[in-house]
Amino acid sequence: MSVRVRFAPSPTGALHVGNARTALFNFLFARQSGGTFILRLEDTDRERSTPEAERGILEDLRWLGLEWDEGPERPGKFGPYRQSERLETYRRYAMDLLEKGNAYRCYCTDEELEEKRQRSLAKGIPPMYDGRCRCLKPEEEQTFLRSGRAASVRFRVNARSVEFQDLVKGAMSFDGRKMGDFVILRSDGTASYNFAVVIDDARMEVSHVIRGEDHLANTARQVLLYQVLGFALPQFAHLAMILGPDRTPLSKRHGATAVAHFREAGYLPEGLVNYLALLGWSSEDGQEIFSLEELIKKFSLKRLSRSPAVFDPEKLKWMNRAHLKGIQGEEALDLAIPFLRESGGKLEGLPKSRLVAALEAVWEEVDTLSQIPERLTFLLDEGWNPEPEAQTLAGKEETQRVIQGLKEELLSVEEVTPENYRPLLAGLAKRAGLTGRNLYMPLRAVLTGRTRGPELEKVFLLLGKEKILKRVDSVLQRNRKERSF
Ligand code: GLU
């Protein structure tokens, strides 16, 4: 049997790391087995589903490199791939179950159900449908209908227990008597999640259902539906939870978790994908840094972990850094440009080669692309906007000697080059009467407005003679202003 897996998000908000990991594992499994990766949008909740959320999910999946084979914008022979476009199919199956007596119409109103729920909760009993409409007589149904009540359709749970095998969790067993007859078709004619999913998974010939373990209890209900509908069961693999650093389920409380956030924060899709892959999966040989291609080769359902994974933002940063490492030249430039522009950096007039060299100077120091503009302000800012510590340094008496010496040294060369840099610095040391840190720190403060940054030689070469002279003038001007206050 060929592998067919699906990722089935509800387009009610942004794609978060938990769902992205589910998508990734489905994708990896499909790719390594030459199978099909389906994207299905579970948008039957019309009030909460939005086209923007759908667009966002598609965009995020593509950014991560998880292109689907069948789904929205990729028609296949099992479509449509939006549940809102499949309502007729669900209705047909629900009518069939009604006819066979596996389901019945329920006339309870939302208010009545909510009241009962609250009563159970108050008594400390888990709420469950009490079966009030299970055996209605035709006359009773007529009365309800005449009073204007709309009916939902409930599945009749007769099983005492439900058993299934899970590829991660092993043998699972649920008590059918604690399940309660559940809704398969709501009174507005839309299908419930459990019902739509079973019909879709069966009709789309899904072979493996890989999803979060928060769906385990749903799976028990779904297994019952598979049985009465006469569909073959797929294999199930339920992924262990993702926890925050404090070991509670990962949520907004732990900071931003949307994939879009990580993209905007300058993470590479390769870095994020690599990190997500290790949330609940590990390779046999302990390898940690993977390309997507390597993940496709090495991923295995057998090595999915049963215990929860902890989302560690620091490790994600470290991993992103590892993926940044392999990038250079124009590729680095293409990645950095949007972040440089966004930060308002002036790129005009800077030759490409100089920008590439500038990136090279700071590339190894950053965790994410969004940290680059800040590291390059010394080059991209026209004026001199020092940090307080640098400003203090620049205002010191001995720094005036450094500035003076620097001007004089620069006048003796046409341009700063790798060849004349060392002699130039030696000359400057002599003129200023300073060496080592005492020379480098004020010099760095003057040139960059910072007390840390790329090697001084790189700073000199990147700025070039003209810019350094301009910078020196800005510093002098600023110092003069400070003094006159
Ligand atoms: N729409 C469900 C969710 O987003 C999908 C669950 C499933 O994969 O069956 O949680």
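Quick caveat: nothing in here was measured; it's all calculated off a predicted structure.

Enquirer: Give a detailed account of the environment of Ser-147, specifying residues and quantitative values.
Expert: Looking at the secondary structure, you find Ser-147 in the loop between α5 (138-146) and β4 (152-155). Residues Ser-147 and Lys-169, spaced 22 residues apart in sequence, show a C-alpha to C-alpha distance of 48 Å. Among the polar contacts listed, one links the side chain of Ser-147 to the backbone oxygen of Phe-144, at a separation of 2.7 Å.

Enquirer: How would you summarise the packing of helix α17 (residues 397-411) against helix α20 (residues 456-484) if you had to cite specific residues and measurements?
Expert: At a minimum axis separation of 11 Å, α17 and α20 run at an interaxial angle of 145°. By crossing handedness, the relation of α17 to α20 is classed as left-handed. Counted together, Gln-400, Ile-403, Leu-406, Lys-407, Leu-410 and Leu-411 of α17 and Phe-460, Lys-465, Ile-468, Leu-469, Val-472, Asp-473, Val-475, Leu-476, Asn-479 and Arg-483 of α20 form the full contact between these two elements. In the contact of α17 with α20, the residues fall into 10 nonpolar, 2 polar and 4 charged.

Enquirer: Give me the sheet that holds strand β7 (residues 183-185): which residues, what numbers.
Expert: Pairing is antiparallel in the open sheet, where 3 strands are placed in the order β3-β4-β7. The open sheet terminates on both sides in strands that have one partner only, identified here as β3 (103-106) and β7. This sheet shows a mean twist of 45° between the axes of neighbouring strands, independent of strand direction.

Enquirer: An account of the nonpolar core is requested, with residue identities and associated values reported.
Expert: Formed by 54 residues in total, the largest nonpolar core has its most connected members in Trp-363, Ile-372, Leu-376, Leu-406, Leu-443, Phe-460 and Ile-468. Counting only elements with at least two residues in this core, the list comes to α12 (329-342), α13 (352-363), α15 (377-380), α17, α18 (421-432), α19 (436-448) and α20. The residues contacting Ile-372, other than those within four sequence positions of it, are Ala-336, Leu-340, Leu-359, Val-362, Trp-363 and Val-366. Judged by nonpolar contacts, the second largest core, of 49 residues, contains Trp-63, Leu-272, Val-273 and Leu-276.

Cut-off values and rules
- Residues numbered from 1 in each chain as written.
- Predicted model: local features only at pLDDT ≥ 70, side-chain atom pairs only at ≥ 80, totals over all residues.
- Heavy atoms only, no water.
- Helix = DSSP H or I, 4+ residues; strand = E, 2+ residues; numbered from the N terminus.
- Polar contact = N/O pair within 3.5 Å; in protein donor to acceptor, adjacent residues only side chain to side chain.
- Axes fitted to C-alpha atoms, helices over the stretch in contact; angles between N-to-C directions.
- Left-handed = near helix turned anticlockwise from the far one by under 90°.
- Contact = heavy atoms within 4.5 Å.
- Nonpolar A, V, L, I, M, F, W, Y, C, P; charged D, E, K, R; others polar.
- Pairing = 2+ DSSP bridges.
- Core = buried A, V, L, I, M, F, W, Y, C linked by side-chain atoms within 4.5 Å.
- Buried < 20%, exposed > 50% of the residue type's maximum accessible area, 1.4 Å probe, protein only.

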